[in-house]
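Here is how the chains run, residue by residue.
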Amino acid sequence: MKDLSTQYLGLQLKNPIIVGSCGLTNSLAKIQEFAENGAAAVVLKSLFEEQILAELNHNVKSWTVDYPESYDYVREYTRDNVVSEYLELIREAKKNAEIPIIASINCVSSDEWVSFAKSVENEGADALEINISLLPSDPKKKSEDYEKIYFDVIENLSGLISIPIALKMSKYSSALANLVSRLSWTGKVSGFVLFNRYYRPDFVLENLTVQSASVFSTPDEITIPLRWIALLSGMVDEDFAASTGVHDGEGVIKQLLAGANAVQVVSTLYKNGAPHIKTMLNELEEWMDKKSFNTIDEFRGRLSNK
Ligand SMILES: Cc1cc2nc3c(=O)[nH]c(=O)nc-3n(C[C@H](O)[C@H](O)[C@H](O)COP(=O)(O)O)c2cc1C
């Protein structure tokens with residue numbers, strides 16, 4: 001029996017496999033199923049900035065009165081009391097699943113939504129993952145304008161919450177090593193998740209329309225986060241979780257060799273179901289056995305750039 005335990009965001013995880021934020025982490029039953037199948041932690045489905053703002057803003061009607069479309073948009077988001085349901089999910093998950101629960105917020109600004117983070121902490125979330133959705137497509141904005149959002153968000157959150165903060169990064173950054181180093185210097189971030197996987201448009205040649213490419217990754221997509229974790233993990237002290245393209249035990253091992261503290265898996269669980277976590281853990285143990293490693297720390301970071 002190998003020791004698969006690892007530290008991530010100051011949390012002691014029994015193994016390196018975390019279920020990443022997705023539609024599957026939106027229900028207590030699913031979270032429990034993942035926990036029963038060996039998941040070390042779960043990142044809840046993200047709550048979106050617009051959802052939080054809509055529920056925080058008591059006079060939502062007055063600020064949207066000139067823009068009926070935006071009111072419809074807000075109403076659409078708030079009709080199910082998503083925010084209070086989210087807090088309830090954290091509470092229930094903490095009570096019923098004996099693994100760390102990481103809340104997730106998806107944002108595009110450092111706006112007033114940050115006050116909501118306190119409620120997430122109060123409900124018992126073990127950490128908060130912030131997914132800052134930056135697609136630098138505005139020709140009027142410079143890289144600094146986009147990067148400033150990361151700094152503003154963590155500045156606004158620090159002092160407000162004491163649970164660890166992980167930043168789920170966009171791979172569309174012109175100088176990622178510099179950005180991650182500067183974020184590290186703030187001393188306010190506990191970890192980085194590389195990377196967010198954006199919605200990908202694709203074209204239908206038959207009728208000249210746009211459609212969504214597959215929302216699921218393929219195993220070969222692991223190479224981009226693998227490169228960046230190998231480059232960055234020895235450069236800063238914060239933890240790294242790999243996201244995108246980890247589909248099997250081999251993917252888990254590669255990311256650990258690059259220096260990741262943990263991996264997040266999503267697409268492979270949609271395809272293979274929760275029991276696949278056990279399969280990945282068995283593959284990791286078998287490989288460790290073959291290589292005579294007893295703990296993750298004996299090989300973590302062996303193939304990092306450092
Ligand atoms: C259906 C679906 C829903 C997702 N929802 C979220 C979300 O709410 N917040 C988030 O940060 N990432 C979300 N993701 C992205 C995943 O967390 C992950 O970063 C991405 O799928 C790449 O990992 P994978 O290769 O293991 O699938 C979603 C992915 C899928 C497939």
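Residues numbered from 1 in each chain as written. Predicted model: local features only at pLDDT ≥ 70, side-chain atom pairs only at ≥ 80, totals over all residues. Heavy atoms only, no water.

Peer 1: In this structure, what is going on with the pairing of strand S8 (residues 165-169)? I would like to understand it.
Peer 2: The side chains of a regular strand alternate between both faces of the sheet. Taking burial as the measure, the five residues of S8 include five buried ones, the bulk of the element. Side chains Ile-165, Leu-167 and Met-169 of S8 all project onto a buried face; the interleaved residues Ala-166 and Lys-168 project onto the opposite face, where all are buried too. Sheet topology places strand S7 (residues 127-132) next to S8; four bridges connect them, and they run parallel. Its bridge partner being in S8, Glu-129 is matched across the sheet by Ala-166. Sheet topology note: the S8/strand S9 (residues 191-194) ladder contains four bridges and is parallel. When the sheet's bridge partners are listed, Leu-167 is paired in S9 with Phe-192. For the crossover that starts at S8, traverses helix H8 (residues 176-185) and ends in the parallel S9, the hand is right-handed. (Buried < 20%, exposed > 50% of the residue type's maximum accessible area, 1.4 Å probe, protein only. Helix = DSSP H or I, 4+ residues; strand = E, 2+ residues; numbered from the N terminus. Pairing = 2+ DSSP bridges. Right-handed = clockwise from strand over helix to strand, strands pointing away.)

Peer 1: Any chance you could explain the site of the ligand here in plain terms?
Peer 2: As a structural note, the neighbourhood of the ligand is formed by 20 residues, with Ser-21, Ser-46, Asn-131, Ser-217 and Ser-267 the closest of them. Taking Ser-21, its main chain carries an N or O atom lying 2.6 Å from an oxygen atom of the ligand. Measuring from an oxygen atom of the ligand, one finds a side-chain N or O atom of Ser-217 at 2.5 Å. Here the ligand has 610 Å² of accessible area as a free molecule, and 89% of this is covered by the chains. The cavity where the ligand resides is the largest pocket. Sorting the residues of the shell around the ligand by element identifies strand S13 (262-265) and helix H11 (267-272) as the ones contributing at least two each. Its residues placed into classes, the shell around the ligand shows seven nonpolar, ten polar and three charged. (Near = heavy atom within 4 Å. Polar contact = N/O pair within 3.5 Å; in protein donor to acceptor, adjacent residues only side chain to side chain. Areas by Shrake-Rupley, 256 points an atom, 1.4 Å probe, with all protein chains shown as cover. 1 Å grid on protein atoms, 1.4 Å probe; cavity = no way out; pocket = protein on both sides within 12 Å on 5 of 7 lines; lining within 4 Å. Sits in = over half its atoms within 2 Å of the grid points. Nonpolar A, V, L, I, M, F, W, Y, C, P; charged D, E, K, R; others polar.)

Peer 1: Any chance you could explain the pattern of salt bridges here in plain terms?
Peer 2: If the charged atoms of two oppositely charged side chains come close together, the side chains can form a pair. What the rule picks out here adds up to 15 salt bridges. Of the charged contacts, one joins Arg-197 and Glu-221 as a salt bridge, the two residues approaching to 2.8 Å between their closest N and O atoms. Taken as a pair, Arg-197 in the loop between S9 and strand S10 (201-204) and Glu-221 in the loop between strand S11 (209-212) and helix H9 (223-232) lie far apart in primary sequence, 24 residues in all. Glu-221 is the salt-bridge partner of Arg-200, the closest N and O atoms lying 3.5 Å from each other. (Salt bridge = Lys/Arg side-chain N within 4 Å of Asp/Glu carboxyl O.)

Peer 1: Would you take a moment to explain the side chain of Asn-196 for this structure?
Peer 2: In this structure, Asn-196 sits in the loop between S9 and S10. Every residue in contact with Asn-196, bar those within four places of it in the chain, is listed here: Asn-131, Ser-133, Lys-168 and Met-169. (Contact = heavy atoms within 4.5 Å.)

Peer 1: Sorry if this is basic, but what is going on with the confidence of the model for the protein here?
Peer 2: Per-residue confidence for the protein gives a mean pLDDT of 91, with 92% of residues at or over 70. Counted against residues more than four places away or in other chains, residues 59-68, with its pLDDT under 50, gives seven contacts. (pLDDT = per-residue confidence, 0-100.)

Peer 1: When you look at the environment of Pro-16 in this model, what are you seeing that I'm missing?
Peer 2: Here Pro-16 is to be found in the loop between strand S2 (11-13) and strand S3 (17-19). Classification of Pro-16 by relative accessible area gives buried; the value is 0%. Considered as a pair, Pro-16 and Pro-164 are 148 residues apart in the sequence and their alpha carbons are 17 Å apart. Pro-16 has contacts with Leu-4, Thr-6, Val-252, Leu-256, Asn-261, Ala-262, Val-263, Leu-284 and Ile-296, leaving out every residue within four places of it along the chain.

Peer 1: For this particular structure, what's the right way to read unusual backbone geometry?
Peer 2: If a residue is not glycine, its phi is most likely negative; likewise, a peptide bond is most likely trans. Residue Leu-194 is joined to Phe-195 through a cis peptide bond whose omega torsion reads 0°. Looking at the secondary structure, you find Phe-195 in the loop between S9 and S10. Positive phi, normally seen in glycine, also occurs at Leu-9, with a value near 55°. Position of Leu-9 among the secondary structure elements: in the loop between strand S1 (6-8) and S2.

Peer 1: What's the story with the layout of surface pockets in this structure? I'm lost.
Peer 2: Empty space among the atoms can be located by rolling a probe the size of a water molecule over them. Of the pockets and cavities examined, the largest pocket occupies roughly 720 Å³. Ser-21, Lys-168, Asn-196, Arg-197 and Val-215 are, among the 32 residues lining the largest pocket, the residues nearest its centre. Where the lining of the largest pocket is concerned, the elements lending two or more residues are S13 and H11. (Points joined across faces, edges and corners; volume = space filled by probe spheres on them.)

Peer 1: Got a minute to help me understand the environment of Pro-136 in this structure?
Peer 2: Tracing the sequence through the fold places Pro-136 in the loop between S7 and helix H7 (143-157). With a relative accessible area of 41%, Pro-136 lands in the partly exposed category. Filtering out sequence-adjacent residues up to four positions away, Pro-136 remains in contact with Tyr-146 and Tyr-172.

Peer 1: Mind showing me how you'd approach the packing of H9 against helix H10 (residues 249-258) here?
Peer 2: To describe two helices that pack against each other, one gives the angle between their axes and the distance between the axes. Contact pair H9 / H10: the axes reach a minimum separation of 8 Å and the direction vectors enclose 25°. By the angle between their directions, the pair H9 and H10 is classed as roughly parallel. Counting all contacts with H9, which are made through Pro-225, Leu-226, Ile-229 and Ala-230, the residues of H10 involved are Lys-254, Gln-255 and Ala-258. A class-by-class count of the residues in the contact of H9 with H10 yields five nonpolar, one polar and one charged. (Axes fitted to C-alpha atoms, helices over the stretch in contact; angles between N-to-C directions. Parallel < 35°, antiparallel > 145°, perpendicular 65-115°, else oblique.)

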